[in-house]
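Now for the letters of each chain:
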Amino acid sequence: MKLAVLVLATQLAASAAFAQGLNAEVSGTAGLSTDDVAAAATQVRVFGELRHISIFAEGTWTGSAIADGVRSEAFSTAYPYEGPPRVMDAYLERRIGDGRVFGSVRAGRFRTPFGIYAASEHAYNGFLRAPLIRYEGYWSLTNTMLEHGVNVMAGTSRLQAEVTIGRPADASDDFTRRSGTDLVLRAQTYVGPFVIGFSHMRSEAYDLPYAVGGMQFTGVDVRWMSSGVQVRGEWLTGRPWDDSRTSGGYVDVSLHRPFMGPVTLVSRLENLDYDTPDPAYADVASGVTLGARVKLIQGLYGQVNVSHRPTQPYGQNTTATDVALTYTLRYRH
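Bear in mind that the values here come from a model prediction, so they are computed numbers and not experimental data.

Criteria and cut-off values
The written sequence of each chain sets the order in which its residues are numbered from 1. Totals for whole chains, interfaces and linings use every residue, but because this is a predicted model, local features are given only for residues with pLDDT of at least 70 and side-chain atom pairs only at 80 or more, for both listing and counting. To get the side-chain values, all heavy atoms of the structure are used, and hydrogens and water are removed first. Aromatic contacts are taken between Phe, Tyr and Trp rings whose centres are within 6.5 Å, Trp giving its six-membered ring; a plane angle under 30 degrees counts as stacked, one over 60 as edge-to-face, and the others as tilted. Only DSSP runs of H or I reaching four residues or more are called helices, and only runs of E reaching two or more are called strands; each is numbered from the N terminus. Remark: exposure states derive from per-residue accessible area (1.4 Å probe, protein chains only) relative to the maximum for the residue type, with buried under 20%, exposed over 50%, and partly exposed in between. We call a charge positioned above a ring when the Lys NZ or Arg CZ atom is no farther than 6 Å from the ring centre and deviates by at most 35 degrees from the ring normal. Each cavity reported here is a set of points on a 1 Å grid over the protein atoms alone in which a 1.4 Å probe fits but cannot get out, each pocket an open set with protein on both sides within 12 Å along at least five of seven lines, and each lining residue one with an atom within 4 Å of a point. Grid points are joined across faces, edges and corners, and a volume is the space filled by probe spheres set on the points. Polarity classes work like this: nonpolar for Ala, Val, Leu, Ile, Met, Phe, Trp, Tyr, Cys and Pro, charged for Asp, Glu, Lys and Arg, and polar for all others, with Gly in that last group. Salt bridges are defined as contacts in which a side-chain nitrogen from Lys or Arg sits within 4 Å of a carboxyl oxygen from Asp or Glu.

Draft legend 1. The packing of aromatic side chains, seen in detail. The final tally for this structure, using the stated rule, is eleven aromatic pairs. Residues Tyr 91 and Phe 110 carry aromatic rings whose centres are separated by 6.4 Å and whose planes lie at 90° to one another, so their mutual orientation is edge-to-face. With Tyr 91 in strand E4 (residues 86–96) and Phe 110 in strand E5 (residues 102–111), the pair connects residues that are 19 residues apart, well separated along the chain. A relative accessible area of 14% places Tyr 91 in the buried class. On the numbers, 6.3 Å between centres and 50° between planes, the contact of Trp 139 with Tyr 274 is tilted. Here the residue Trp 139 occupies a position in the loop between E5 and strand E6 (146–155), and Tyr 274 occupies one in strand E13 (residues 263–275), the gap between them amounting to 135 residues. For Trp 139, a relative accessible area of 10% corresponds to the buried category. The lysine or arginine in question, Arg 95, covers the ring of Phe 102, its NZ or CZ lying 4.4 Å from the ring centre.

Here it is in structure tokens:
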């Protein structure tokens with residue numbers, strides 16, 4: 001019932017934004033997992049350009065039904081697993097220059113620009129679980145990390161560099177960073193069919209009793225696409241706090257050819273290594289996922305994944321099947 005009310009409210013909000021010259025989208029998702037988890041989510045996005053300033057805002061509301069004693073990361077690709085309605089991104093951006101050298105300034109609330117970080121790069125693209133190195137509880141980064149701050153980017157069509165200064169504004173209820181000043185550096189270049197990025201961040205550690213000191217990670221991400229095949233991946237190394245170290249990464253493959261019609265196949269290989277002075281809490285995890293994204297009708301997509309990976313830190317690998325349906329309404333100016 002709450003989900004239906006939110007869908008209606010966000011549709012009305014989107015209609016108002018459309019009338020003012022902005023574009024809007026409303027997405028509703030429902031999913032089931034053999035991990036004894038059922039989930040539902042709604043996102044509303046308003047975006048566009050007014051007086052040469054780009055505007056983007058996104059709100060979300062997620063809910064879940066979980067069996068007693070079960071902890072699962074199913075459906076946690078880019079949004080909080082559950083909780084009250086909340087704002088995710090809300091920022092203004094101004095592009096500067098339009099020649100060989102250009103730049104931009106972004107201010108507000110936005111996802112931490114480290115590696116492959118955008119919501120669209122993790123949600124609704126065929127995968128129903130976040131990579132191990134980007135899931136809460138694996139002592140690395142999370143896909144619900146956000147900043148309240150300013151991002152400045154400059155570069156050319158072949159090379160861009162950006163710097164972000166902000167304060168943690170994480171959306172998770174359980175794994176948020178302590179208040180402080182964050183610094184995120186990122187550079188990206190294009191070499192033939194490859195997009196290669198390098199990222200570095202310094203931030204406060206997670207707000208946990210045993211997390212002493214600051215967080216620091218360095219990573220590289222690579223993307224390649226040709227003839228309907230996309231390969232992408234991330235690898236990072238660093239520390240979530242003092243006297244600990246996390247390294248790991250993943251490789252994703254997406255395949256779509258004309259003869260496949262509405263079907264896109266996806267697969268993932270991943271690993272993570274967490275070291276800490278107490279061997280009882282060190283962890284090595286790995287996983288494999290096979291899945292598909294299917295366009296059923298205009299605006300309606302189905303996703304299915306079969307994964308073999310831990311369902312929680314320090315757990316054994318188990319096989320799970322996740323299924324979700326997503327319907328998106330778009331209002332275009």
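Read on for the rest.
Draft legend 2. Structural context of empty space enclosed by the protein. Enumeration over the complete set of coordinates arrives at three cavities of 30 Å³ or more. Considering the residues around the largest cavity, the lining is formed by 20 residues, among which Thr 29, Ala 41, Phe 75, Thr 77 and Tyr 124 are closest to the centre. Within the residue set of the lining of the largest cavity, elements represented by two or more residues are strand E2 (37–50) and strand E3 (53–66). If one sorts the elements of the lining of the largest cavity by residue count, E2 sits on top with four residues. Here the lining of the largest cavity is built from residues that sort into 14 nonpolar, six polar and no charged.

Draft legend 3. Here's a closer look at the pattern of salt bridges. On inspection of all chains with the given rule, the structure shows 20 salt bridges. Two residues, Glu 93 and Arg 106, come together in a salt bridge whose shortest N-O distance is 3.4 Å. A residue pair is termed long-range when its members are at least 10 positions apart, and Glu 93 in strand E4 and Arg 106 in strand E5 qualify at 13 residues. The exposure class of Arg 106 is buried, given its relative accessible area of 15%. Connected via shared salt-bridge partners are Glu 25, Arg 45, Glu 58, Asp 89, Arg 111 and Arg 330.

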